[in-house]
Amino acid sequence: MLTDIVILAAGQGTRMHSALPKVLQPLGGKPMLAHVLTTATDLAVRRIHIVVGFGGDAVQAAFPDTQASWWIQAQQLGTGDALKSALPGLTGADRVLVLYGDVPLLTAATLREFLQQTPVTALGLTTASVSEPHGYGRILRDADGQVQGIREHKDCQTDEQAICEINLGMMVLPVQPLAGWLQGLSARNAQGEIYLTDVVAAARADGYVVWPFTLADATEALGVNDPVQLAILERVFQRQQLRALQMQGLRVADPARVDIRGELTCGQDCWVDPNVLFVGKVHLGHRVRVGAGAVLQDAQIGDDVEILPYSLIEGAQIGAGARIGPFARIRPGTEIGEAAHIGNYVEVKAAKIGAGSKANHLSYLGDAEIGTGVNVGAGTITCNYDGVHKHRTIIGNDVFIGSDSQLVAPVNIGDGATIGAGSTITKEVPPGGLTLSRSPQRTIPHWQRPRRDKK
Ligand code: UD1
Ligand code: MG
């Protein structure tokens, strides 16, 4: 039994009111279509086809590495017409599973069951009974309970509108009679569209078995037609993801206030406070604590790290036992050593900070290499940019940088050096000793402040 999958993704999604094609709207940080494609790939079928139309170039460009074949539906004349666009690709397949690019939460497990249960030559439908059927196609059954057809919402008579069994959209169809059925479809309906759902009546008329597969919980088959539905599915998706991590031991203060837009992996006994955002690929080691409002993107966090509230960490590696924040900004290309401390209002960019070093307050450390056991005083700035080029600051081990110092790169500071507070360092600093560039302090005795003239 050779099965192909066709994903319908040509619709504009008018109700999204967006320049971005609907199937590229992100869910959990990935285009909706990426979710559907992952599920389709999991099913390991013969071939996957994607039908695009509105913004088709942008949709294709978003999936440069896919093995799927692309088909163009020139005009969005309806779901039946969309499937027609992919017909040439189905030659050699026995049946086709039709998925929608805007139904992103459907699982491979459900679809596998759907394919297994549908008799080989039958037309399989996915249905559910819901309390609010508005907008969906309704399942029409005869007196014996056999499915006769599907009536689109806009074509329903008043009594049909009361039907609560809806068409979820996913279908499995035998390929051999399909072209004939699709050819026979007309657009004589309320929307003037060629409805794929009309093949059900055609299959019945041809003597094919119509096989409804009913989902007990329709949540995973919910589609996105407008921003409200997209936000609802985003919440469902976030809950599912987080639940899976919770079941592996992750502790969170409030599961409704953690978002993962990418892939999060964690060791044992990690704790996440409210309003934390994980983006891209993030790994937390064992016993990591992430404070409120932190944003972690593409980051590797070592064991026993403490991230204090409102810190941003992007493209960085944080060594075991380090303490970051509150209000720290760690930018790409940074490696923070073991047990190092990066405190409030400290920005670190493309810098390597050695084990046990500390920059606790108000600093900019960019394009720098800082040794172990270094103390960076408050207000220290690496002046890395001359207006054209970026230069590096190299600081040895056990250096003490006094507060409010400017280190004008390129510059080297030797091991064990001490920089006096308020210095502007422009030349190489030898190891050991005290280096300072501060102008000497003087006092003018009996100095009179200017006085305001009395009127
Ligand atoms: C469709 C079903 C309806 C079902 C509902 C479930 C039809 C006629 N109706 O309605 O019975 O209850 O889904 O969510 O099929 N598309 C194209 N080309 C087109 C039109 C649509 O590729 O010309 C794609 C869209 O990108 C989308 C999918 O087909 O991924 C469904 O289209 P949509 O317009 O959302 O159909 P519904 O009105 O929701
Ligand atoms: Mg829809």
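The following paragraphs examine the structure supplied in this document.

Criteria and thresholds
Along each chain, residue indices are assigned from 1 in the same order as the chain's sequence is written. The naming scheme follows written order: chains are lettered A onward, ligands numbered 1 onward. Thresholds applied to this predicted model are a pLDDT of at least 70 for local features of residues and 80 or more for the giving and counting of side-chain atom pairs; totals over whole chains, interfaces and linings are not thresholded and use all residues. Heavy atoms throughout the structure, all of them, feed into the side-chain values; hydrogens and water do not. The helix and strand labels rest on DSSP assignments: H or I over at least four residues marks a helix, E over at least two residues marks a strand, and numbering proceeds from the N terminus. Taken over C-alpha atoms, the radius of gyration is set against a globule rule of 2.2 Å times the number of residues to the power 0.38. Here the term buried applies to any residue with accessible area under 20% of the maximum for its type, exposed to any over 50%, and partly exposed to those in between, with areas from a 1.4 Å probe on protein chains only. Here, residues are in contact when the closest pair of their heavy atoms is within 4.5 Å. Calculation of accessible area relied on Shrake-Rupley with a 1.4 Å probe; when residues are assessed, cover is drawn exclusively from the protein chains displayed. Here a Phe, Tyr or Trp ring, Trp counted by its six-membered ring, pairs with any other such ring whose centre lies within 6.5 Å, and the pair is stacked when the planes are under 30 degrees apart, edge-to-face when over 60, and tilted otherwise. For a Lys NZ or an Arg CZ to count as sitting over a ring, it must be within 6 Å of the ring centre and within 35 degrees of the ring normal. Residue proximity to a molecule or strand is established when one non-hydrogen atom of the residue lies within 4 Å of it. Within 3.5 Å is the distance limit for a polar contact, defined as a pair of N or O atoms, with the added protein rule that one can donate a hydrogen and the other accept it, and that residues adjacent in sequence qualify only through two side-chain atoms. Three classes are used, and their members are as follows: Ala, Val, Leu, Ile, Met, Phe, Trp, Tyr, Cys and Pro are nonpolar, Asp, Glu, Lys and Arg are charged, and the others, Gly among them, are polar. Two strands form a pair only when DSSP identifies at least two bridges running between them. Take a side-chain nitrogen of Lys or Arg and a carboxyl oxygen of Asp or Glu: if they are within 4 Å of each other, that pair is a salt bridge.

1. Thoughts on the overall build of the chain
Thinking step 1. Counting its regular elements, the chain contains eight helices and 37 strands.
Thinking step 2. For the chain, whose C-alpha radius of gyration is 31 Å, the value lies well above the compact-globule estimate of 23 Å for 455 residues.
Thinking step 3. The principal-axis extents of the C-alpha atoms in the chain amount to approximately 110 × 65 × 40 Å.
Thinking step 4. Expressed as a percentage of the 455 residues in the chain, the buried residues total 47%.
Thinking step 5. Look at the contacts in the chain between residues 6 or more apart in sequence, and 41% of them connect residues 24 or more apart.
Thinking step 6. Of the roughly 22,100 Å² of accessible surface on the chain, 51% is carried by carbon and sulfur atoms.

2. A word on the environment of alanine 417
Thinking step 1. In this fold, alanine 417 is placed in the loop between strand 34 (411-413) and strand 35 (418-419).
Thinking step 2. C-alpha of alanine 417 to C-alpha of threonine 435: the two residues are 18 residues apart in sequence and 7.4 Å apart in space.
Thinking step 3. Apart from the residues lying within four places of it in its own chain, the contact partners of alanine 417 are Asp398, Val399, Phe400, Val429, Pro430, Gly432 and Gly433.

3. A word on the packing of aromatic side chains
Thinking step 1. Counted under the stated rule, the structure contains five aromatic pairs.
Thinking step 2. Both rings, one in phenylalanine 63 and one in tryptophan 70, keep their centres 6.4 Å apart while their planes meet at 40 degrees; by these two values the pair is tilted.
Thinking step 3. Joined through ring pairs, the aromatic side chains of Tyr310, Phe327 and Tyr345 make up one cluster.
Thinking step 4. The ring of tyrosine 385 has lysine 390 sitting right over it, with the charged end atom 5.3 Å from the ring centre.

4. Regarding the site of ligand 1
Thinking step 1. If you check the shell around ligand 1, you find 22 residues, and the closest are Gln73, Gly78, Thr79, Glu152 and Asn167.
Thinking step 2. Here an oxygen atom of ligand 1 and a backbone polar atom of glycine 11 are 2.9 Å apart.
Thinking step 3. Here an oxygen atom of ligand 1 sits 3.4 Å away from a polar atom, N or O, in the main chain of leucine 77.
Thinking step 4. Burial of ligand 1 by the protein amounts to 89% of the accessible area it has alone, namely 750 Å².
Thinking step 5. Secondary-structure elements contributing two or more residues to the shell around ligand 1 are strand 1 (3-9), helix 3 (79-85) and strand 10 (165-174).
Thinking step 6. Of the residues assigned to the shell around ligand 1, the class counts are nine nonpolar, 10 polar and three charged.

5. Comments concerning the environment of isoleucine 395
Thinking step 1. Mapping isoleucine 395 onto the fold places it in strand 31 (residues 393-395).
Thinking step 2. Residue class for isoleucine 395 comes out buried when judged on its relative accessible area of 4%.
Thinking step 3. Taking C-alpha positions, isoleucine 395 is 67 Å from glycine 92, a pair spaced 303 residues apart along the chain.
Thinking step 4. When residues no more than four places from it in sequence are discounted, the contact partners of isoleucine 395 are Glu369, Ile370, Gly371, Val374, Ile401, Leu407 and Ile413.

6. What about the pairing of strand 9 (residues 147-151)?
Thinking step 1. Strand direction decides the pairing type here: strand 8 (residues 138-141) and strand 9, joined by four bridges, are antiparallel. Counted as the bridge partner of leucine 140 is glycine 149 from strand 9.
Thinking step 2. Linkage of strand 8 to strand 9, two consecutive antiparallel strands, is achieved through a turn of five residues, within which glycine 145 is found at a positive phi near 85 degrees.

7. With respect to the pattern of salt bridges
Thinking step 1. Applying the stated criterion to the full structure yields 13 salt bridges.
Thinking step 2. With its nearest N and O atoms 3.6 Å apart, the salt bridge here joins aspartate 142 to arginine 204. Pair noted here: aspartate 142 is in the loop between strand 8 and strand 9 and arginine 204 is in helix 7 (residues 199-205), with a separation of 62 residues, a long-range link.
Thinking step 3. In this structure, arginine 235 engages aspartate 259 in a salt bridge whose closest nitrogen and oxygen atoms are separated by 2.8 Å. Taken together, the residues arginine 235 in helix 8 (residues 227-247) and aspartate 259 in strand 13 (residues 258-266) connect sequence positions 24 residues apart.

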